[in-house]
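# Commentary on secondary and tertiary structure
Residue strings, one per chain:
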Amino acid sequence: MFNDIGALEVVTLVVLAVLVFGPDKLPKVIQDVTRTIRKIREFSDSAKADIRSELGPEFKDFEFEDLNPKTFLRKQLDNDELGLKEIRSGFDLKKEMADLTDAVHGRESDSASAPAPAPAAIGSGSDGSASGSSGGTIDMTKKPEPAERPPYDMDAT
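Here's a quick rundown of the structure.

Calculation rules
Throughout this description, residue numbers start from 1 for each chain and increase along the sequence as written. In keeping with the predicted nature of the model, local features appear solely for residues at pLDDT of at least 70, side-chain atom pairs appear and are counted solely at 80 or more, and the whole-chain, interface and lining totals rest on all residues. Each side-chain value is derived from all of the structure's non-hydrogen atoms; neither hydrogens nor water enter the calculation. What counts as a helix is a DSSP run of H or I of at least four residues, what counts as a strand is a run of E of at least two, and both are numbered from the N terminus. Buried residues are those whose accessible area, probed at 1.4 Å on protein chains only, stays under 20% of the maximum for their type, while exposed residues exceed 50% and partly exposed ones sit between those limits. We call two residues contacting when some pair of their heavy atoms lies within 4.5 Å. Expected helix span is given by 1.5 Å per residue-to-residue step, counting one fewer step than there are residues. To get the bend at a given residue, fit one axis to the seven residues ending there, fit another to the seven starting there, and take the angle between those axes. Definition used for salt bridges: Asp or Glu carboxyl oxygen within 4 Å of a side-chain nitrogen of Lys or Arg. Note that patches include only residues with greater than 30% relative accessible area and no salt bridge, and the join distances are 9 Å for like charges and 5 Å for nonpolar side chains (Val, Leu, Ile, Met, Phe, Trp, Tyr). The protein chains shown are the only cover counted for residues, whose accessible areas, like all others here, come from Shrake-Rupley with a 1.4 Å probe.

Along the protein, the regular secondary structure elements total 4 helices and 0 strands. Of the regular secondary structure in the protein, the N- to C-terminal order runs α-α-α-α. Considering the protein as a whole, with its 157 residues, one finds that 4% of them fall into the buried category. For the protein, the share of sequence-separated contacts (at least 6 apart) that also reach a separation of at least 24 residues comes to 8%.

Structure, rendered in C-alpha cells:
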C-alpha cells in the first residue's frame, strides 16, 4: 500500500506524530488508528462476501481486482482462446525489417521462412511495361533521365 514511502518520510511522520499528539497520547492514537483500519477491512471483506453470495454460483471465480482495467485487459489478452500468442509469435518486426533492408540493398535474405510475395512494380516505362527487376527485389538505382524534357510553363508555377 505504501511502497513509495522511504525511511526519511517515515521518520518525519513519526516525529510529526510525537509533536502533534505528544508522547503520552501517541500509543492510544496508534491503537485507535489500527482498530479503525481493522474494522474497515472487516467491513470491506464482509461486503465482498455479500456481493459474491448475491451474484450466485456462476460468479464463484469473480475477483474484485479484475475490475481494474489493466488487470482485466491483461487477463483477457493472456487468454489463449483468441490465439493472440500465435499472432504475436508469428510477427517478428526485426526479421521483417532485416528482410526489407536486404531487399533494398539487393542482397538475398537468409530467412528460413517462405519468401514474401514480390512487391508491385513501381512506375512504368514509356511502353506501359513495369520497370522493376526480376526476382522479387526492386531496382533502386537511378536511371538516366530521358533525353527529351517536357516544356517549361511559366504560367503553371
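Every α-helical turn comprises 3.6 residues, leaving residues that sit three or four positions apart pointing alike. Taking 1.5 Å as the rise per residue, helix α1 (residues 7–55) with 49 residues should run 72 Å; its terminal C-alpha atoms sit only 44 Å apart, a clear shortfall. Of all the bends found along α1, the most pronounced is centred on Gly22 and spans about 100°, while Pro23, a proline, follows it within four residues. Gly56 lies just past α1 and shows a positive phi near 100°.

Now for helix α4 (residues 93–105). Along its 13 residues, α4 runs 18 Å from first to last C-alpha, staying within 8% of the 18 Å computed at 1.5 Å per residue. Phi turns positive one or two residues past the end of α4, at Gly106, with a value near 80°.

Our focus in this paragraph is the pattern of salt bridges. Summed over the entire model, instances satisfying the criterion amount to 3 salt bridges. Ionic pairing is found between Arg35 and Asp32, a salt bridge with its closest N-O pair at 3.1 Å. Of this pair, Arg35 and Asp32 are both found in helix α1, 3 residues apart, which corresponds to roughly one turn of the helix. Accessibility expressed as a relative area gives 36% for Arg35, which makes it partly exposed. Among the ionic pairs, Lys95 bridges to Asp99, the shortest N-O distance being 3.3 Å. Note that Lys95 and Asp99 are positioned in helix α4 at a spacing of 4 residues, about one turn of the helix.

A few words on a nonpolar patch on the surface. Side chains of Phe91, Leu93, Met97, Leu100 and Val104 sit close together on the surface and give an oily, nonpolar patch of about 510 Å² of accessible area. In this structure, Phe91 sits in the loop between α3 (84–90) and α4. The class of Phe91 is exposed, set by a relative accessible area of 56%.

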